[in-house]
Amino acid sequence: LLLSVRSGAAVSMPGMMDTVLNLGLTDTVAEALATKSGNPRFAYDSYRRFLDMFGDVVMGIPHAAFEAELDDLKVSSGVWEDSDLNADQLKDLVQRYKQVYVAHDTTFPEDPLEQMRLAIYAVFDSWQSDRAIKYMEVQQIKGLLGTAVNVQAMAFGNMGDTSGTGVLFTRDPNTGEHALFGEYLVNAQGEDVVAGIRTPNPISQLDDEMPKVYAELLKNVDILEKHFKDMQDIEFTVQEGQLFLLQTRSGKRGGKAAVEIAVSLESEGLVSKDQALHMVTPEHLDIMLHPQFKDEDSAEYTAAVIGEGLPASPGAAVGVIAFTTEETERLYAAGTAAILVRDETSPEDVGGMFAAEGILTARGGMTSHAAVVARGWGKPCVCGLADLKIDEETKTLTLNGITLKEGDFLSINGGTGEVLSSAVELAAPEMSGALGTFMEWVDDARKMDVLANADTPKDADEARKNGAGGIGLCRTEHMFFDHLPEVRRMIMAPDEEKKQAAIDELLPLQRADFEGIFTAMDGLPVTIRMLDPPLHEFVPHAADAELAASVGLSVEECQATIARLAESNPMLGLRGCRLGITSPEIIAMQARAVLEAALDAKVKGVTPVPKLMVPLIGTVAEYTHQADIIKSTAEAVFAERGDSVAYSLGTMIEVPRAALLASEVAAAGAEFFSYGTNDLTQMTYGYSRDDVGSFMPTYLAQGILPSDPFQIFDQQGVGKLVEMATTQGKQQNPDIKNGVCGEHGGEAGSVKYFYSLGHDYVSCSPFRVPIARLAAAQAATAEAAP
């Protein structure tokens, strides 16, 4: 009886924890096994595998030490594959492996019970390995107590040509096609397939080599899919013609496959539409929205192709070459996209794989470690590029006569397996086919609107293409970046006359911007935040002759004005409603620009839906002061034009005091509350979001915080303020609208929380709108979740 010792965590973490196979073998047992099986090659092949795996996993001996002995023996024996070694050669290899233990000052235990005890401890310990911790961090796996350990009788795939091992998916995890996808090796054990040490055969070839086994496999695949109602990832072994299914689990899949599988399973009657919605994660959708290569038929593209491997994980990736996990992580931290290039990846590379834009390996197949992890994370991956030669000493790769060095650009096409020797142009994907169908289901199911943060007509167009139901935040100060000279003249004006002149210059520019946005969002709401500029974003740090001339001051006067306007903490300084109160003429100009633009658009057949929003209030008086200016300006504009448009007036809740006074603000006439969760988080925690990088990694690593509150909304603390303000506002005015316009509006878990509070909408960047739509639909159909 030989055993396998495997992990058994509650959540699948492929390749992250350790396994020991063939446990129980000793010199005496190996000899007995050779006699009993009549197959000495099988016995000593199993023994050398066990010595390698036990030494690496349990005793801490580097796998490379065993690999060096194996390579040396293959060279001296004149063979290429492990499977070409005969029984005597493998028996010699066993003795070589025993000497590896001696060279590392350790002893191989000959007692099978001691082997099992040590192996069980090692598998338990792998729960806290660096790679497992990194994987759980990336996948946001929390709250698990640890792993179980499964001890099973071995099934042997290395007993000759009627034996083998493989991994298959019941559907293609790249495309979602309803066809078997997988690989197998004859006369091998499971680690050979997933480790990518040998390039395996496609699963369809098994029908030719072992037709009865293949037919039995098909039958079981159908049973498992109908039972679990999802695409399955199955590991199997064939021992002398008998099929053993070792494990099955829901298979990791790419974004395109996730959508295709969900739509297909619904059409096959295995799941409902609501259940299908929960088979696609926000991360899957994010993957699908990643750019693809702009034109794969262009001369530029085809000329850049230098090789073709296995298309292991779909998508397009462009980045500089990195040969190590450490270099890839360094580039990622510096904001540089990298392609991780390896002979083969191992679980130790998990950090680099996450940091990489894409992954390229010389060895391994479609179910190798690199392929499985890359698909799970949505990373484009090309594997099994046999012609790829990597020189880690010179930090170069050579492929079909082309040599590139670390830091050179490389592009990979995970859908075709092509590798390109330059940075190839990318383009945005389209929402059609299965994705179009799926997003129709999403919109039918959700009850919360999804709007976009957009500041220009171009942004508004993009938002509408991505399914936004309007604009939840138009930041007028961002428009000013295109009108910097006029803005600086307004801010730095030495007297009221010159200040008003600069404001008058800005009026037609703002009006044109707003009209373009109303046109793009015809019939949909556009929420415009009145001016909220931190002065340091517009006022330069030093004066020069060109700047002085542009604002109509001498260099000395200009420098003095810069010094006068300097603030110690601009984010808490003269911005938002404070600027509107100290310079009410600016708010009057903006209100006029918005409403005149709405009237101009109306004349042209557009239906404008303006919503004006007062930012950064902390008192009721701040809100009413600004609201009165907007209302009086509206009356004047409508009287001048002899026409009017409906508009609504509300405020941002981004200062904790505003949340505490929500009832009073609602009573003062606010028609909507928009929660600026970026500033609200900053002020509630007392953290500067621009400076958290100095301590946030430590806080996360030590568990001081469970997650970065600027990325994942803090329901426990900041959430109490939002919940209280939402409740109090509704009590005062049952018709008041509540929504979120911080970037939390595009984070799936946060969206679900805001839905639970009864919010009417979330607003996020245009590119995250589809993700927020899905999160809103999943929140509305939570009872259908698995």
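Presented here is a report on the structure given in the accompanying data block. Since the model is a prediction, treat every value here as computed from it, not as a measurement.

### Some thoughts on the overall build of the protein
Per the secondary structure count, the protein includes 33 helices and 29 strands. Taken along its principal axes, the extent of the C-alpha atoms in the protein is 105 × 60 × 50 Å. Counting all 786 residues of the protein, 54% fall into the buried class. Contacts spanning at least 24 positions in sequence make up 68% of the contacts within the protein whose residues lie at least 6 apart. With an accessible surface of roughly 32,600 Å², the protein has 51% of that area assigned to carbon and sulfur atoms. Of the side-chain charges in the protein, 62 are positive and 114 negative, and the distance between the mean point of each set is 4 Å.

### Quick word on the sheet that holds strand 13 (residues 338–342)
Strand order in the open sheet formed by eight strands is 10-20-19-12-13-14-15-11, with mixed pairing between adjacent strands. Lying at the two open borders of the sheet, with one neighbouring strand each, are strand 10 (305–308) and strand 11 (310–313). Pairs of neighbouring strands in the sheet enclose a mean axial angle of 30°, with direction left out of account. In this sheet, strand 15 (residues 381–383) lies alongside strand 11 in antiparallel orientation, the contact comprising three bridges. Looking at the pairing, proline 311 lines up with valine 382 of strand 15.

### Section: the pairing of strand 28 (residues 737–740)
Examined bridge by bridge, strand 27 (residues 672–675) and strand 28 share four bridges and lie parallel to one another. Within strand 28, the position partnered with phenylalanine 673 by the bridge is asparagine 738. In terms of strand pairing, strand 28 meets strand 29 (residues 761–764) through two bridges, oriented parallel. What sits directly across from glycine 739, in strand 29, is tyrosine 761. Following the chain from strand 28 across helix 32 (residues 748–756) to the adjacent parallel strand 29, one finds a crossover that is right-handed.

### A short note on the nonpolar core
Membership of the largest hydrophobic core comes to 93 residues, with the highest contact counts inside it found for Met490, Phe514, Phe518, Cys558 and Phe673. With 11 residues, helix 25 (residues 584–603) is the single largest residue contributor to this core. If near-sequence neighbours (up to four positions away) are discounted, phenylalanine 518 is found in contact with Val526, Ile528, Val594, Ala597, Ala598, Ala601, Val606, Pro608 and Pro610.

### Considerations on the pairing of strand 14 (residues 358–361)
Side chains Gly358 and Leu360 project from strand 14 onto one buried face, and the interleaved Ile359 and Thr361 project onto a second face that is buried too. Here strand 13 runs beside strand 14; their pairing, made up of four bridges, is parallel. Paired with leucine 340 across the strands is isoleucine 359, a residue of strand 14. Relative to strand 15, strand 14 runs parallel, the two sharing two bridges. Looking at the pairing, isoleucine 359 lines up with cysteine 381 of strand 15.

### Description of unusual backbone geometry
One can expect most non-glycine residues to show negative phi and most peptide bonds to be in trans. The phi dihedral of aspartate 105 is positive, around 55°, even though this residue is not glycine. Following the sequence through the fold, aspartate 105 ends up in the loop between helix 4 (87–103) and helix 5 (112–125). By relative accessible area, which is 78% here, aspartate 105 ends up exposed. The phi dihedral of asparagine 187 is positive, around 55°, even though this residue is not glycine. You can see asparagine 187 is positioned in the loop between strand 5 (181–186) and helix 7 (190–194).

### Points about the packing of helix 20 (residues 484–492) against helix 21 (residues 496–520)
Each packed pair of helices is defined by two parameters, the angle between the axes and the distance between the axes. In contact at an axis separation of 8 Å, helix 20 and helix 21 are set at 150° when each is read in the N-to-C sense. Between helix 20 and helix 21, the angle is such that the two are roughly antiparallel. Our pair here, helix 20 against helix 21, has a crossing hand that is left-handed. Taking contact as the criterion, the partners of Glu486, Val487, Arg489 and Met490 in helix 20 are, on helix 21, Lys499, Ala502, Ile503, Glu505, Leu506 and Leu509. Within the contact of helix 20 with helix 21, the residues separate by chemical class into six nonpolar, no polar and four charged.

### Notes on the sheet that holds strand 8 (residues 242–250)
One open sheet holds the five strands; their spatial order is 6-5-4-7-8, and the pairing between them is antiparallel. Both outer strands of the open sheet, strand 6 (201–202) and strand 8, are each paired with one neighbouring strand and no more. Looking at chain direction, strand 4 (residues 164–169) and strand 7 (residues 232–239) are connected through six bridges and run antiparallel. Bridged to leucine 168 within strand 7 is isoleucine 234.

### As for the pattern of salt bridges
Taken as a whole, this structure holds 37 salt bridges when the rule is applied. Note that glutamate 344 is salt-bridged to arginine 363, the shortest N-O span being 2.8 Å. You can see glutamate 344 sitting in the loop between strand 13 and helix 15 (350–355) and its partner arginine 363 sitting in the loop between strand 14 and helix 16 (369–377), a full 19 residues away along the chain. Among the salt bridges present, the one from aspartate 532 reaches arginine 529, with a minimum N-O distance of 3.9 Å. Comparing aspartate 532 with arginine 529, the two get one shared label, buried. Connected via shared salt-bridge partners are Asp45, Arg48, Arg49, Lys74 and Asp82.

### Section: the packing of helix 32 against helix 33 (residues 769–780)
Look at helix 32 against helix 33: their axes get within 8 Å of each other, and the N-to-C directions meet at 50°. The angle between helix 32 and helix 33 places the two elements in the oblique class. Considering the relative orientation of helix 32 and helix 33, their crossing is right-handed. Contacts between helix 32 and helix 33 involve Ala748, Val751, Lys752 and Tyr755 from the former and Ala772, Ala775, Ala776, Gln778, Ala779 and Ala780 from the latter. Among the residues making up the contact of helix 32 with helix 33, the classes are represented as eight nonpolar, one polar and one charged.

### Describing the state of the cysteines
One pass over the structure, following the stated rule, counts zero disulfides. Summary of cysteine pairing: cysteine 383 is not part of a disulfide, and the nearest cysteine sulfur, belonging to cysteine 381, is at 3.5 Å. A relative accessible area of 0% means that cysteine 383 is categorised as buried.

### Digging into helix 33
Here helix 33 spans 17 Å end to end across 12 residues, near enough to the 16 Å set by a 1.5 Å rise per residue. Buried residues dominate helix 33, accounting for 12 of its 12 residues. Residues of helix 33 that are buried: Val769, Pro770, Ile771, Ala772, Arg773, Leu774, Ala775, Ala776, Ala777, Gln778, Ala779 and Ala780. The secondary structure elements touched by the buried residues of helix 33 are helix 11 (273–277), helix 12 (282–288), helix 17 (433–445), strand 22 (449–453), helix 32 and strand 29.

About the cut-offs
Residues numbered from 1 in each chain as written. Predicted model: local features only at pLDDT ≥ 70, side-chain atom pairs only at ≥ 80, totals over all residues. Heavy atoms only, no water. Helix = DSSP H or I, 4+ residues; strand = E, 2+ residues; numbered from the N terminus. Buried < 20%, exposed > 50% of the residue type's maximum accessible area, 1.4 Å probe, protein only. Contact = heavy atoms within 4.5 Å. Areas by Shrake-Rupley, 256 points an atom, 1.4 Å probe, with all protein chains shown as cover. Lys, Arg positive; Asp, Glu negative; His and termini not counted. Charge placed at Lys NZ, Arg CZ, Asp CG, Glu CD. Pairing = 2+ DSSP bridges. Axes fitted to C-alpha atoms, helices over the stretch in contact; angles between N-to-C directions. Right-handed = clockwise from strand over helix to strand, strands pointing away. Core = buried A, V, L, I, M, F, W, Y, C linked by side-chain atoms within 4.5 Å. Parallel < 35°, antiparallel > 145°, perpendicular 65-115°, else oblique. Left-handed = near helix turned anticlockwise from the far one by under 90°. Nonpolar A, V, L, I, M, F, W, Y, C, P; charged D, E, K, R; others polar. Salt bridge = Lys/Arg side-chain N within 4 Å of Asp/Glu carboxyl O. Disulfide = S-S within 2.5 Å. Expected span 1.5 Å × (residues − 1).

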